[in-house]
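Coordinate inspection notes
What follows is each chain in one-letter form.
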Amino acid sequence: MSSLTAKDDCLAWAARDPSGVLSPYNFSRRAVGSDDVSLKITHCGICYADLIWTRNFHGDSKYPVVPGHEIAGIVKEVGSNVHRFKVGDHVGVGTYVNSCRSCEYCNDGQEVHCVKGSVYTFNAVDADGSITKGGYSSYIVAHERYCFRIPENYPLASAAPLLCAGITVYSPMVHHKMNQPGKSLGVIGLGGLGHMAVKFGKAFGLNVTIFSTSVSKKEEALSLLGANRFVVSSDQEQMKALAKSFDFIIDTASGDHPFDPYMSLLKTAGVLVLVGFPSEVKFSPGSLNIGNKTISGSVTGGTKVTQEMIDFCAAHKIYPNIEVIPIQYANEALERLIKKDVKYRFVIDIENSLK
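A brief structural summary.

Conventions used here
- Residues numbered from 1 in each chain as written.
- Predicted model: local features only at pLDDT ≥ 70, side-chain atom pairs only at ≥ 80, totals over all residues.
- Heavy atoms only, no water.
- Helix = DSSP H or I, 4+ residues; strand = E, 2+ residues; numbered from the N terminus.
- Rg over C-alpha atoms; globule rule 2.2 N^0.38 Å.
- Buried < 20%, exposed > 50% of the residue type's maximum accessible area, 1.4 Å probe, protein only.
- Contact = heavy atoms within 4.5 Å.
- Areas by Shrake-Rupley, 256 points an atom, 1.4 Å probe, with all protein chains shown as cover.
- Lys, Arg positive; Asp, Glu negative; His and termini not counted.
- Charge placed at Lys NZ, Arg CZ, Asp CG, Glu CD.
- Pairing = 2+ DSSP bridges.
- Axes fitted to C-alpha atoms, helices over the stretch in contact; angles between N-to-C directions.
- 1 Å grid on protein atoms, 1.4 Å probe; cavity = no way out; pocket = protein on both sides within 12 Å on 5 of 7 lines; lining within 4 Å.
- Points joined across faces, edges and corners; volume = space filled by probe spheres on them.
- Nonpolar A, V, L, I, M, F, W, Y, C, P; charged D, E, K, R; others polar.
- Salt bridge = Lys/Arg side-chain N within 4 Å of Asp/Glu carboxyl O.
- Parallel < 35°, antiparallel > 145°, perpendicular 65-115°, else oblique.
- Left-handed = near helix turned anticlockwise from the far one by under 90°.

1. A few points about the overall build of the protein chain
- Regarding its fold elements, the protein chain presents 12 helices and 17 strands.
- Radius of gyration (C-alpha) of the protein chain: 20 Å, near the 20 Å computed for a compact globule of 355 residues.
- Considering only C-alpha atoms, the protein chain reaches an extent of 70 × 40 × 40 Å along its principal axes.
- The buried share of the protein chain, reckoned over its 355 residues, is 55%.
- Partitioning the intrachain contacts of the protein chain with sequence separation of at least 6 by distance along the chain shows that 66% fall at a separation of at least 24.
- With the model as given, the accessible surface of the protein chain reaches about 15100 Å², and the carbon-plus-sulfur share is 53%.
- For the protein chain, the distance from the average site of its 35 positive side-chain charges to the average site of its 34 negative ones is 4 Å.

See the structure below:
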């Protein structure tokens, strides 16, 4: 769309500098192409990634930054080649909006691992050279391949956090066959990702233990989220008593923490999957070699597993625990996210507050 025909009709909130402070911002989206879907955004989840790029933690922020990659909404227009979606459908957009579509990973529905790099939903350079802008906005235009069908009976506010928090834990759980009933799962950290790992673990029929530094979360973890056990990770006696008792551990903690104590909790051939981003990962080779253990990493998931996860949540009535907020509260919400003061995901009500 040339600058002559462009109209700044997309309302948004953006950060203009590394202070990360968000304020109203207008811009234009690309015209709807033949393979594109334009969706009116109703809800957008708040993810730690929003802090990373609004505040330039990685030194690569391209201001103005419109964050948000847990997007749910309603289709308002489709391109002439689009057959999977029609106007009025409920649709989600996750952490990426483009990829090469020709490498072995794209061909296998694992676009997140695209050899040329998937294009992130915000603060990335798209194929046409434009900078992507995320879901703290009134609408988005995306290639249909990177859109997900949300069943009509699944609330859009609940669907939003599935697109990053949900898939980030579901994808490695399925990949490492953590869906075998009766097996034991440990979940490190009880935030947006951790609480979803607990819900999936219970739905898969696993025995779920939460490891947390916050004893204050115990009651809710057991009663509300349905975990089988809650362990304060700093309590060495509790930790020692659980040696060699877990088939799987999902580590969602992004703060720095030791790894050897958790590796010692794995059974022979047990698997620890890291989905958080601590500043370093350090453990003794013996923690890995003795007992034939595996440590693995993971980020979100391809289009195939993402749609599978959404359908699984709808079928099993799995819903994230959310706090719905107006966009005018986004700056406060990001501050509370830093303090871990949220149970367990903020979701912005874009439809009713972004005017």
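From this point, the discussion proceeds with the structure in view.
2. Structural notes on the sheet that holds strand β11 (residues 207–212)
- As summarised here, the arrangement of the 6 strands in space is β12-β11-β10-β13-β14-β15, forming an open sheet in which the pairing is parallel. Of all the strands in the sheet, just β12 (229–232) and β15 (294–297) have a single pairing partner and so form its edges. Averaged over all pairs of adjacent strands, the angle between strand axes in this sheet comes to 20°, irrespective of strand direction.
- Relative to β12, β11 runs parallel, the two being bridged by 4 bridges. By the bridge assignment for β12, Ser212 is matched with Val232.
- Sheet strands in contact with helix α5 (residues 192–203) are β10 (184–188) and β11, and its direction is about 170° off that of β10.

3. Brief notes about empty space enclosed by the protein
- Under the criterion given, the structure shown has 1 cavity of 30 Å³ or more.
- Estimates place the volume of the largest cavity at around 30 Å³.
- Forming the boundary of the largest cavity are Gly94, Thr95, Tyr96, Phe148, Leu163, Ile167, Thr300, Gly301 and Thr306.
- Residues that form the lining of the largest cavity fall into these classes: 4 nonpolar, 5 polar and no charged.

4. Re the pattern of salt bridges
- Here the structure, examined in full by the defined rule, presents 13 salt bridges.
- In this structure, the salt-bridge partner of Arg336 is Asp341, at a minimum N-O distance of 3.0 Å.
- Residue classification places Asp341 among the partly exposed positions, given a relative accessible area of 39%.
- Bridged by salt links that share partners, the residues Arg30, Asp36 and Asp126 form one connected network.

5. Thoughts on the environment of Asn292
- Residue position: Asn292 is located in the loop between α9 (285–289) and β15.
- A relative accessible area of 55% places Asn292 in the exposed class.
- Taking the C-alpha atoms as reference, Asn292 lies 4.9 Å from Ala269; in sequence the two are 23 residues apart.
- When near neighbours in sequence (up to four residues on either side) are disregarded, Asn292 contacts Ala269 and Gly270.

6. Some points on the packing of helix α4 (residues 165–175) against α5
- Between α4 and α5, the least distance of the axes is 8 Å, while the angle of their chain directions is 50°. Between α4 and α5, the angle is such that the two are oblique. Here α4 runs over α5; the crossing is right-handed. Listed contacts from α5 to Ala165, Gly166, Thr168, Val169, Tyr170 and Met173 of α4 are Gly192, Leu193, Met196, Ala197, Phe200 and Gly201.

7. Remarks on the environment of Arg149
- Among the secondary structure elements, Arg149 is positioned in strand β9 (residues 147–149).
- According to the relative accessible area criterion, Arg149 is partly exposed, its value standing at 36%.
- Sequence separation of Arg149 and Ala72 is 77 residues, and the distance between their C-alpha atoms is 9.7 Å.
- Leaving out residues up to four positions away in the same chain, Arg149 has contacts with Arg84, Phe85, Asp89, His90, Gln307, Ile310 and Asp311.

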